[in-house]
Amino acid sequence: MPDALSVLDDLRGESEELDRLVAELSRERWSLATPAPGWTVAHQIAHLAWTDRAAVLAATDPDAFAVEVEKAAAAPGSFVDEGAEEGAALPPAELLARWRAGREELSRILRAAPAGTRLPWYGPPMAVPSMASARLMETWAHGQDVADALGVRRPATDRLRHVARIGVRTRDFSFAVRGLSAPGEEFRVELTAPESGEVWAYGPEGAAQRVTGPGLDFCLLVTQRAHRADLALRAEGRDADRWLDIAQAFAGPAGAGRAPARTPEGDAR
């Protein structure tokens, strides 16, 4: 388990990077469509603000948060979209201020949480480092949607180690959410960090099932921000190969993922 304070520091860095992308946008650019169907730049930021508020509620009022979990269970197909839609309807300056205030409040609460604290969530309860890692994953992934909408290429950082770790840990969930039995054996995953060039390694060295490649590509895959065909990931073993087709680090139903950017012949679409 990573150190909570180091993850929270990285979460702050990820949030500030995304903040710089949207802080000076015109109202028209807040309305640009992103790769997520039906979601504009405003929807992406509104979703992050909404989820931060949910996390604050989970940490400060578990009973009230339990009511929100019931609402989500009653409308699994629309609950997230409705939250994003509500925030996206706000004036951009108000939405931006809401996101900033919410993420700072959540950071303050998580930094002050006693060691061993576990927070209720929409799935199993989460330890503070896990909650911070999940928030970083979402911030980075939705930030990628914003960057794609704006035509901006963001430099990848070693903060992605937190996203990669979640991607590895959710291997079995990726199978289960599709009604498939997870492989019984552990995989070896070796990913090259985008800044330092170090290798992030998971699982036994001698495992027959292996995944190797750039850390950035793995994170794009498990957050379903890019299609496997467009990424330089290599699988050895049938089960590892199958995993790369269905990998999903985020909770909820199986995602449809993104269409490949290239045709089988390699030509850009």
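So, how was this worked out
- Residues numbered from 1 in each chain as written.
- Predicted model: local features only at pLDDT ≥ 70, side-chain atom pairs only at ≥ 80, totals over all residues.
- Heavy atoms only, no water.
- Axes fitted to C-alpha atoms, helices over the stretch in contact; angles between N-to-C directions.
- Helix = DSSP H or I, 4+ residues; strand = E, 2+ residues; numbered from the N terminus.
- Parallel < 35°, antiparallel > 145°, perpendicular 65-115°, else oblique.
- Contact = heavy atoms within 4.5 Å.
- Nonpolar A, V, L, I, M, F, W, Y, C, P; charged D, E, K, R; others polar.
- pLDDT = per-residue confidence, 0-100.
- Pairing = 2+ DSSP bridges.
- Salt bridge = Lys/Arg side-chain N within 4 Å of Asp/Glu carboxyl O.
- Buried < 20%, exposed > 50% of the residue type's maximum accessible area, 1.4 Å probe, protein only.
- Core = buried A, V, L, I, M, F, W, Y, C linked by side-chain atoms within 4.5 Å.

**Remarks on the packing of helix α7 (residues 128-150) against helix α8 (residues 160-169)**
Argument step 1. For the pair α7 and α8, interaxial distance at closest approach is 9 Å and the crossing angle is 105°. In this view, α7 runs roughly perpendicular relative to α8, as classed from their interaxial angle. Contacts between α7 and α8 pair Ser133, Ala134, Leu136, Met137 and Trp140 from the former with Leu160, His162, Val163 and Ile166 from the latter.
Argument step 2. Per-class residue counts for the contact of α7 with α8 are seven nonpolar, two polar and no charged.

**Side note on the confidence of the model for the chain**
Do not read the predicted coordinates in detail wherever pLDDT is low.
Argument step 1. Of the residues in the chain, 97% reach a pLDDT of 70 or more, and the chain-wide mean stands at 94.
Argument step 2. Note that pLDDT drops below 50 for residues 264-269; the model gives that stretch nine contacts with residues more than four away or on any other chain.

**What to know about the sheet that holds strand β5 (residues 210-214)**
Argument step 1. Spatial strand order, β4-β3-β5-β6: four strands in an open sheet with mixed pairing. Of all the strands in the sheet, just β4 (199-202) and β6 (234-236) have a single pairing partner and so form its edges. Sheet twist, expressed as the mean angle between neighbouring strand axes with direction ignored, is 10°.
Argument step 2. Direction of pairing for strand β3 (residues 188-192) relative to β4: antiparallel, over a ladder of four bridges. In the sheet register, Leu191 faces β4, and the bridge partner there is Trp200.

**Things to note about the pattern of salt bridges**
A side chain with one charge may pair with a side chain of the opposite charge, provided their charged atoms come close.
Argument step 1. A full pass over the atoms with the stated rule returns 19 salt bridges.
Argument step 2. Between Arg103 and Asp19 there is a salt bridge, and its shortest N-O distance comes to 2.9 Å. Of this pair, Arg103 sits in helix α6 (residues 92-112) while Asp19 sits in helix α1 (residues 4-22), and the two are 84 residues apart along the sequence.
Argument step 3. Residue Arg103 is classed as buried on the basis of its relative accessible area of 13%.
Argument step 4. The class for Asp19 is buried, based on a relative accessible area of 8%.
Argument step 5. One network of salt bridges, with partners in common, ties together Glu14, Glu17, Arg154 and Arg159.

**Points about the nonpolar core**
Argument step 1. With 49 residues, the main nonpolar core has Trp121, Phe218 and Trp243 as its most contacted residues.
Argument step 2. At eight residues, α7 tops the list of elements feeding residues into this core.
Argument step 3. Setting aside residues up to four positions removed in sequence, Trp121 forms contacts with Thr51, Ala54, Ala55, Ala58, Phe65, Val69, Met126 and Met131.
Argument step 4. In terms of nonpolar packing, the next biggest core, distinct from the first, is built from 20 residues, Leu18, Leu21, Val41 and Val146 among them.

**A short note on the environment of Phe173**
Argument step 1. Turning to its location among the elements, Phe173 is positioned in helix α9 (residues 171-176).
Argument step 2. Accessibility expressed as a relative area gives 31% for Phe173, which makes it partly exposed.
Argument step 3. Separated by 29 residues in the primary sequence, Phe173 and Gln144 have C-alpha atoms spaced 23 Å apart.
Argument step 4. Setting aside residues no more than four positions away along its own chain, Phe173 makes contact with Gln248, Phe250, Ala251 and Gly252.

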